[in-house]
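Structural overview
Listed below are the residues making up each chain.
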Amino acid sequence: MLVVDDLHAGYGASEVLVGTSLTVKPGAVVALIGANGAGKTTTMRAISGLLRPSHGRVVLDGREVQGLDASRIARLGLAHSPEGRKVFGPLSVEDNLLLGAYGRLPKFLGYKAGARADLDRIYELFPRLKDRARQSAGTLSGGEQQMLAIGRALMARPKVMLLDEPSMGLAPVIVQEVFRTIRRLKEEGITLLLVEQFAKSALEVADYAYVMERGHIAVEGTPEELGRNERVLAAYLG
Ligand code: ATP
C-alpha cells in the first residue's frame with residue numbers, strides 16, 4: 001500500500017534521510033523506531049509531502065507521489081497525524097473532525113451532511129469526543145487531543161495513516177489508552193505507519209518494524225525477530 005524507496009531529504013544543506021526504504025502492506029501496522037534525531041519525523045514529513053524529498057520514490061497504492069503537494073497526497077489517500085497533535089484549539093471538537101473530511105467531500109453537499117456517517121463512526125470509537133463535540137478543542141486534555149487528532153485523520157478515510165509519536169507528553173495511563181486505540185484501528189484493518197518512542201509498546205501492536213539510525217533503516221523484521229536481536233534489545237528494548 002505504501003512503498004518508500006531510497007528516500008533522501010533534509011533541511012537546507014543538511015541531509016537527514018540518506019536512503020530510507022520501507023514497505024507498509026495493506027492492513028498492516030508497521031512501527032518505525034529509533035533514537036531521537038534518527039530521522040523518523042523527517043521520514044513521515046517526506047512521505048506526506050510536508051517536506052520535499054531530494055531523491056527517491058514514495059509509492060501510495062501503486063502511484064508515485066513524491067514531489068506532489070501535501071494536500072494532493074492527502075487527497076490521494078494519505079493521512080498524517082503529526083507529532084504534537086496540532087488540533088485547532090479555538091474550533092469545536094466536531095469542526096476539527098469535519099476538517100479531516102474537507103478534502104474528500106464535495107463542496108456543494110454541505111460538509112456535515114456528507115460526513116455524518118464518518119462522524120458517527122469516530123464517536124463510536126471515541127465516546128469522549130462525542131460528549132465534548134461542541135467544546136473547543138483547546139479545552140481537551142492531552143489524551144483527548146490525541147484521540148481527536150487520530151479521529152480527524154480517520155475522517156479522511158485514508159488508505160494509509162501516518163501516526164507520529166501519539167504517546168508524546170501523555171501520562172502513562174493515557175499512553176495505554178492510546179495503544180488500546182491503535183489496537184482497535186488495527187482490528188478495523190487500518191493501514192498504519194507508527195513512529196513511537198515507546199519501542200516496546202509499538203512492537204507489541206506492530207506486524208512488522210523498522211529501526212532507524214542516522215537517516216536510514218539499520219534493522220528490520222517482525223517484532224519477534226527484533227526481540228531476538230541483541231543490538232536492538234540493548235539499544236531500544238532494554
Ligand atoms: P525525535 O524523536 O527527536 O523527533 P526523529 O527520529 O523523529 O527524532 P527528526 O525529527 O526527523 O528525528 O530529526 C532528524 C534530524 O533532523 C535531527 O538532527 C534534527 O535536528 C534535524 N531537524 C529536524 N527538523 C529540522 C528543521 N526543521 N530544520 C533543521 N533541522 C531539522
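Residues numbered from 1 in each chain as written. Predicted model: local features only at pLDDT ≥ 70, side-chain atom pairs only at ≥ 80, totals over all residues. Heavy atoms only, no water.

**Focus: the overall build of the protein**
Tallying secondary structure elements over the protein gives 10 helices and 10 strands in all. The globule rule puts the C-alpha radius of gyration for 238 residues at 18 Å, and the 17 Å found for the protein is close to it. With respect to the three principal axes, the spread of C-alpha positions in the protein is 50 × 40 × 30 Å. A burial count over the protein gives 49% of its 238 residues as buried. A sequence separation of at least 24 residues applies to 64% of the contacts in the protein between residues at least 6 apart. With the model as given, the accessible surface of the protein reaches about 10900 Å², and the carbon-plus-sulfur share is 52%. (Helix = DSSP H or I, 4+ residues; strand = E, 2+ residues; numbered from the N terminus. Rg over C-alpha atoms; globule rule 2.2 N^0.38 Å. Buried < 20%, exposed > 50% of the residue type's maximum accessible area, 1.4 Å probe, protein only. Contact = heavy atoms within 4.5 Å. Areas by Shrake-Rupley, 256 points an atom, 1.4 Å probe, with all protein chains shown as cover.)

**Side note on the pattern of salt bridges**
Following the criterion strictly, the structure yields 13 salt bridges and no others. Salt-bridge contacts for Arg-57 lead to Asp-5; the nearest nitrogen and oxygen are separated by 3.5 Å. Taken together, the residues span a long stretch of sequence, with Arg-57 in strand β4 (residues 55-60) and Asp-5 in strand β1 (residues 2-11) at a distance of 52 residues. Taking the relative accessible area as the measure of exposure, Arg-57 reaches 33% and is therefore partly exposed. Owing to a relative accessible area of 31%, Asp-5 belongs among the partly exposed residues under this scheme. In this structure, Asp-69 and Arg-52 form a salt bridge, with 3.8 Å as the shortest nitrogen-oxygen distance. Taken as a pair, Asp-69 in the loop between β5 (63-64) and α2 (70-75) and Arg-52 in the loop between α1 (40-48) and β4 lie far apart in primary sequence, 17 residues in all. Relative accessible area serves as the criterion here: at 48%, Asp-69 is assigned to the partly exposed category. Residue Arg-52 is classed as exposed on the basis of its relative accessible area, which comes to 57%. Three or more residues joined by partner-sharing salt bridges are found here, namely Arg-128, Arg-132, Glu-144 and Glu-177. (Salt bridge = Lys/Arg side-chain N within 4 Å of Asp/Glu carboxyl O.)

**Some remarks on the pairing of strand β6 (residues 78-81)**
Neither face of β6 is open: one carries Leu-78 and His-80, the other Ala-79 and Ser-81, and all of them are buried. Sheet topology note: the β6/strand β7 (residues 160-164) ladder contains 4 bridges and is parallel. Counted as the bridge partner of Ala-79 is Met-161 from β7. (Pairing = 2+ DSSP bridges.)

**Considering the site of the ligand**
Taken together, Tyr-11, Val-16, Ala-35, Asn-36, Gly-37, Ala-38, Gly-39, Lys-40, Thr-41, Thr-42, Glu-83 and Glu-165 form the complete shell of residues around the ligand. Here Ala-38 contributes a backbone N or O atom positioned 3.1 Å from an oxygen atom of the ligand. Separating an oxygen atom of the ligand from a side-chain N or O atom of Glu-165 is a distance of 3.3 Å. Its free accessible area being 630 Å², the ligand has 57% of it covered by the protein chains. Broken down by element, the shell around the ligand gets its largest block of residues, 3 residues, from α1. Grouping the amino acids of the shell around the ligand by side-chain chemistry returns 4 nonpolar, 5 polar and 3 charged. (Near = heavy atom within 4 Å. Polar contact = N/O pair within 3.5 Å; in protein donor to acceptor, adjacent residues only side chain to side chain. Nonpolar A, V, L, I, M, F, W, Y, C, P; charged D, E, K, R; others polar.)

**Concerning the environment of Val-30**
Its location among the elements puts Val-30 in strand β3 (residues 29-34). A relative accessible area of 2% places Val-30 in the buried class. Distance in space between the C-alpha atoms of Val-30 and Ala-206 is 5.3 Å, their sequence separation being 176 residues.

**Structural notes on the sheet that holds β5**
Two modes of strand pairing occur in sheets, parallel and antiparallel, and in both the strands are linked by backbone hydrogen bonds. An order of β2-β1-β4-β5 is seen for the 4 strands of this open sheet, with the pairing classed as antiparallel. Edge strands, defined here as strands with exactly one partner in the open sheet, are β2 (14-24) and β5. Here β4 pairs with β5 via 2 bridges, running antiparallel. Within β5, the position partnered with Leu-60 by the bridge is Arg-63.

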